[in-house]
Amino acid sequence: EYEKGVHDAIAALPRIRRTHPGTTLTIAGDGTQQDWLVEVARKHRVLKAVRFAGRVDHDELLRLLHRADVAVLPSHYEPFGIVALEAAAAGAPLVTSDVGGLGEAVIDGQTGVSHPPRDVAALAAAVGTALDDPAAAQRRAAAARQRLTSDFDWHTVASQTARVYLAAKRREREPQPR
């Protein structure tokens, strides 16, 4: 869908391929925008470098993530960021926009590389950062996976959620951490 920013990833691909020839983009999932995305890829002259995998089952998604040099999530809007957490669980290096839940799921420079939403040049640069230094990208991926067991385990999430509700009940106005 449009808010996932896939068109930005396609638009960034020519810049990425200038410094990393042969780079391809695999788009998993379906939605209402595929015909338009094909046109975007054609417009940017990268149609042959883009694979539309469509809806994939869990096993195929894992295969895609394990083969990926980078999992790119350039969303314009993302309430939670579960896809980033799934990619982290699979050990894929992350490049995400810093919007909504993605800004919570990824710590820029520590568990992935972030960029502002809708900024194609910054997206291309973020992907370039990951591709330029695969060892550093893997270290960030390992840190993201480790963070899943601390910051995103159910006990931690439940405890933080309970604190938010208690603060609201008490009408406390202190800002909550992101």
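Whatever comes next refers back to the structure up there.
(A) Structural detail: the side chain of Thr-96. Residue position: Thr-96 is located in strand β4 (residues 94-97). Look at Thr-96 and you get buried, because its relative accessible area is 0%. Setting aside its immediate chain neighbours within four residues, Thr-96 contacts Leu-73, Leu-102, Val-106, Val-113, Ser-114 and His-115.

(B) The arrangement of empty space enclosed by the protein in detail. Under the definition given, this model contains one cavity of 30 Å³ or more. For the largest cavity, the calculated volume is near 50 Å³. Forming the boundary of the largest cavity are Ala-84, Leu-85, Ala-88, Leu-94, Ala-105, Thr-111, Ala-144, Arg-147, Leu-148 and Phe-152. Of all the elements in the fold, those that place two or more residues in the lining of the largest cavity are α4 (82-89) and α7 (134-148). When grouped by side-chain class, the residues that make up the lining of the largest cavity number eight nonpolar, one polar and one charged.

(C) Focus on α4. Buried residues of α4: Ala-84, Leu-85, Ala-87 and Ala-88, and no others. In a view along the axis of α4, the buried residues occupy a sector of 160°, so they form one face of it. Buried positions along α4 lie against α3 (58-67), β3 (71-73), β4, α5 (100-105) and α7. Positive phi appears at Gly-91, one or two residues downstream of α4, with a value of about 85°.

(D) View of the pairing of strand β1 (residues 25-28). Judged by which residues are buried, β1 turns out to be one-sided: Leu-25 and Ile-27 face inward and are buried, whereas Thr-26 and Ala-28, on the alternate face, are not. With four bridges joining them, β1 and strand β2 (residues 50-54) adopt parallel strand pairing. From the neighbouring strand, Leu-25 faces β2, where its bridge partner is Val-50. Handedness of the crossover joining β1 and β2 through helix α2 (residues 34-43): right-handed.

Rules used in this analysis
- Residues numbered from 1 in each chain as written.
- Predicted model: local features only at pLDDT ≥ 70, side-chain atom pairs only at ≥ 80, totals over all residues.
- Heavy atoms only, no water.
- Helix = DSSP H or I, 4+ residues; strand = E, 2+ residues; numbered from the N terminus.
- Buried < 20%, exposed > 50% of the residue type's maximum accessible area, 1.4 Å probe, protein only.
- Contact = heavy atoms within 4.5 Å.
- 1 Å grid on protein atoms, 1.4 Å probe; cavity = no way out; pocket = protein on both sides within 12 Å on 5 of 7 lines; lining within 4 Å.
- Points joined across faces, edges and corners; volume = space filled by probe spheres on them.
- Nonpolar A, V, L, I, M, F, W, Y, C, P; charged D, E, K, R; others polar.
- Arc of directions from axis to C-beta.
- Pairing = 2+ DSSP bridges.
- Right-handed = clockwise from strand over helix to strand, strands pointing away.

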